[in-house]
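Okay, here's what each chain looks like letter by letter:
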Amino acid sequence: MIINKNSIINIVMPKAQTKPEKFAAEELAKYLFKIFGLSCSISHEFEVGANNFIIGSPLNNKSALKFLSVNEFNHTVTGKEGIYIAICGNDMIITGSED
């Protein structure tokens, strides 16, 4: 993932987001602005050509399915504090356990 002053940043949220997911998106947007001076859009759709930061699991955010299936998520992100962060090209997923 490459981010510079010309990058288009899109934070992809689930339509029915939790308080932690909303907080994560707001904090991510705040720090991307502080570090790079970039304004971020927060939406519910994956944006082709943008750097997409996907918040939430494939159980509630269909864009997360680009990174892992529901079955992979259930086997990889376990326990009350399990997290999963991955980069694929210009996109990133940030998710945690559903417990």
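Structure's up top.
Since we're looking at a predicted model, the values are computed, not measured.

1. Notes on the sheet that holds strand β3 (residues 51–55)
Then comes step 1: With mixed pairing, 5 strands are arranged side by side in an open sheet as β2-β1-β3-β5-β4. Among the strands making up the open sheet, the edge pair consists of β2 (40–43) and β4 (83–88). Here the strands of the sheet are splayed against their neighbours by 15° on average, with no regard to which way each runs.
Then comes step 2: Packed onto the sheet, helix α1 (residues 19–36) meets β1 (9–12), β2, β3 and β5 (91–96) and runs at close to 150° relative to β3.

2. So, the side chain of Thr 95
Then comes step 1: Looking at where Thr 95 falls in the secondary structure, it is placed in strand β5.
Then comes step 2: Relative accessible area serves as the criterion here: at 7%, Thr 95 is assigned to the buried category.
Then comes step 3: Among the polar contacts listed, one links the side chain of Thr 95 to the backbone oxygen of Gly 56, at a separation of 3.5 Å.
Then comes step 4: Polar side-chain contacts of Thr 95 include one of 3.2 Å to the backbone nitrogen of Ser 57.

3. A few points about α1
Every α-helix winds through 3.6 residues per turn, so residues three or four apart in the chain are directed the same way.
Then comes step 1: The end-to-end C-alpha distance of α1 is 26 Å, a good match for the 26 Å that 18 residues give at a rise of 1.5 Å each.
Then comes step 2: Among all positions in α1, only Glu 21, Ala 25, Leu 28, Ala 29 and Leu 32 are buried. One side of α1 holds all its buried residues, which, seen down the axis, span an arc of 95°. Opposite the packed face of α1, turned more than 90 degrees from it, sit the exposed residues Lys 19, Pro 20, Phe 23 and Lys 34.
Then comes step 3: Each element contacted by the buried residues of α1 is listed here: β1, β2, β3 and β5.

Rules and cut-offs
Think of each chain on its own: its residues are numbered from 1, step by step along the sequence as written. Predicted model: local features are reported for residues with pLDDT of at least 70 only, side-chain atom pairs are reported and counted for 80 or more only, and whole-chain, interface and lining totals are derived from all residues. Each side-chain value is derived from all of the structure's non-hydrogen atoms; neither hydrogens nor water enter the calculation. Two strands form a pair only when DSSP identifies at least two bridges running between them. Helix and strand labels come from DSSP, where a helix needs a run of H or I of at least four residues and a strand needs a run of E of at least two; each type is numbered from the N terminus. Each axis is a line fitted through C-alpha atoms, taken for helices only over the stretch in contact, and angles between the N-to-C directions span 0 to 180 degrees. Between two residues, a contact is recorded if the distance between any of their heavy atoms is within 4.5 Å. When a residue's accessible area, from a 1.4 Å probe over protein chains only, is under 20% of the maximum for its type it is buried; when over 50% it is exposed; and in between it is partly exposed. Whenever two N or O atoms come within 3.5 Å, that pair is a polar contact, provided that in protein one can donate a hydrogen and the other can accept it, and provided that, for residues adjacent in sequence, both atoms are side-chain atoms. A helix is expected to span 1.5 Å for every residue after the first. Note that the arc is defined by the directions from the helix axis to the C-beta atoms.

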